[in-house]
Structures are given as structure tokens and as C-alpha cells.
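# Close look at the chain arrangement
Here is what each chain is made of, one letter per residue.
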Amino acid sequence: MAQPANPKQLELDLEAAKIHGRWLSDEERDQLDEQQRQRLHLKQQQDTRRSKLFVLTGICLLIPPLWPLAFGLTLYLLYPRTMLRIGLFTGLALVTAALGLTALLTALTIWVLTLIF
């Protein structure tokens, strides 16, 4: 095992050893560091996306015809998981309704054509 560079690193290693119940190997520490970097990168991406949505919501609030979009974006910013589920459910319902209406109109058209001919 490589020697830690400074006392702060030694304290961090000791805390990690307490959490895991043993001293971590260099590979395990590197893997944990990589996971931490990935989490940090994901959080930065989410923060960037969130700030862009805030700006878009602000622009939509300034333009009255876009107020429904601003309302939807505000709900998404406040309740991202819930709005995602509602959006998926609504999308599936609309697709199902469109397919049902298409089938109904097709059957109605065939029935009308059989009456005519």
C-alpha cells in the first residue's frame, strides 16, 4: 500500500476503514474515488440542466402564449419524478386513444363504404 501524502489523507483513509470495517486496497480506493467523481459529474449535469430549465421558465413567463409551458416546467422543477410519471402515463394514454380512434374510424369508414356500394 502506498503511503498517504498528507495527514488529511491518512484521516480520510482511517474514516474509510471504519466505514468498511477494514483497510481498503489501492484498487478499491481508486474505484471509490472514480464512483465519487461520477456522482459529482452527474450532480453537475443535473444542476446545469436545472438552471437551463429555470431560464426557460423565466422566458416562458414573459411571453403570455407560453404560460402553459411555463406552468409545466415549474411543476417539473418542483416535482421531477412525479411529473415524469404523469407525463409517461399521459403519453401512453394518448397513444392508446389515438390507436383506438384510428381503429374506430377505419371500421366506420369500411361500414359506410359497404352501405354505399
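Keep in mind it's a predicted model, so treat the numbers as computed, not measured.

### Considerations on the layout of surface pockets
Looking at the second largest pocket, its volume works out to about 180 Å³. What lines the second largest pocket is Q46, D47, R49, R50, L53, Y76, L77 and P80. For the lining of the second largest pocket, the element with the highest residue contribution is helix 2 (residues 26-62), accounting for 5 residues. Looking at side-chain class alone, the lining of the second largest pocket contains 4 nonpolar, 1 polar and 3 charged residues.

### Remarks on the nonpolar core
Judged by nonpolar contacts, L53, C60, A70, L73 and L77 together constitute the single largest core of 5 residues. The dominant element in this core, judged by the number of residues it contributes, is helix 3 (residues 67-78), at 3 residues. Those residues in contact with A70 that sit more than four places away from it in its chain are T57, C60 and L61.

### A short note on the side chain of T57
Within the secondary structure layout, T57 lies in helix 2. T57 has contacts with A70, L73, T74 and L77, leaving out every residue within four places of it along the chain.

### Digging into the confidence of the model for the protein
Keep in mind that low pLDDT regions are not for reading the predicted coordinates in detail. Of the residues in the protein, 96% have a pLDDT of 70 or more, and the chain-wide mean is 87. Of all helices and strands in the protein, the one with the weakest mean pLDDT is helix 1 (residues 7-20) (80), whereas helix 4 (residues 80-116) scores best (95).

### Topic: the environment of R29
Assignment of secondary structure puts R29 in helix 2. What makes R29 buried here is its relative accessible area of 18%. Residues R29 and D13 lie 16 residues apart in sequence; the distance between their C-alpha atoms is 8.8 Å.

### Describing the pattern of salt bridges
All chains considered together, the criterion is met by 4 salt bridges. Notably, a salt bridge pairs D26 with R29, separated by 2.3 Å at the nearest N-O pair. Here D26 and its partner R29 are both found in helix 2, 3 residues apart, which amounts to about one turn of the helix. Look at D26 and you get partly exposed, because its relative accessible area is 27%.

### Focus on helix 3
Helix length check: helix 3 (12 residues) gives 16 Å between terminal C-alpha atoms against 16 Å at 1.5 Å per residue, within 8%. Every buried residue belonging to helix 3 is among A70, L73 and L77, and all of these are buried. Buried residues in helix 3, looked at end-on, bunch into an arc of 65°, giving them a common side. Facing away from the buried side of helix 3 by more than 90 degrees, the exposed set consists of P68, F71 and L78.

### Looking at helix 2
Between its terminal C-alpha atoms helix 2 stretches 54 Å, which fits the 54 Å expected from 37 residues at 1.5 Å a residue. Of all the positions in helix 2, only R29, L53, T57 and C60 are classed as buried. On its buried side, helix 2 packs onto helix 1 and helix 3.

Rules used in this analysis
Residues numbered from 1 in each chain as written. Predicted model: local features only at pLDDT ≥ 70, side-chain atom pairs only at ≥ 80, totals over all residues. Heavy atoms only, no water. 1 Å grid on protein atoms, 1.4 Å probe; cavity = no way out; pocket = protein on both sides within 12 Å on 5 of 7 lines; lining within 4 Å. Points joined across faces, edges and corners; volume = space filled by probe spheres on them. Helix = DSSP H or I, 4+ residues; strand = E, 2+ residues; numbered from the N terminus. Nonpolar A, V, L, I, M, F, W, Y, C, P; charged D, E, K, R; others polar. Core = buried A, V, L, I, M, F, W, Y, C linked by side-chain atoms within 4.5 Å. Buried < 20%, exposed > 50% of the residue type's maximum accessible area, 1.4 Å probe, protein only. Contact = heavy atoms within 4.5 Å. pLDDT = per-residue confidence, 0-100. Salt bridge = Lys/Arg side-chain N within 4 Å of Asp/Glu carboxyl O. Expected span 1.5 Å × (residues − 1). Arc of directions from axis to C-beta.

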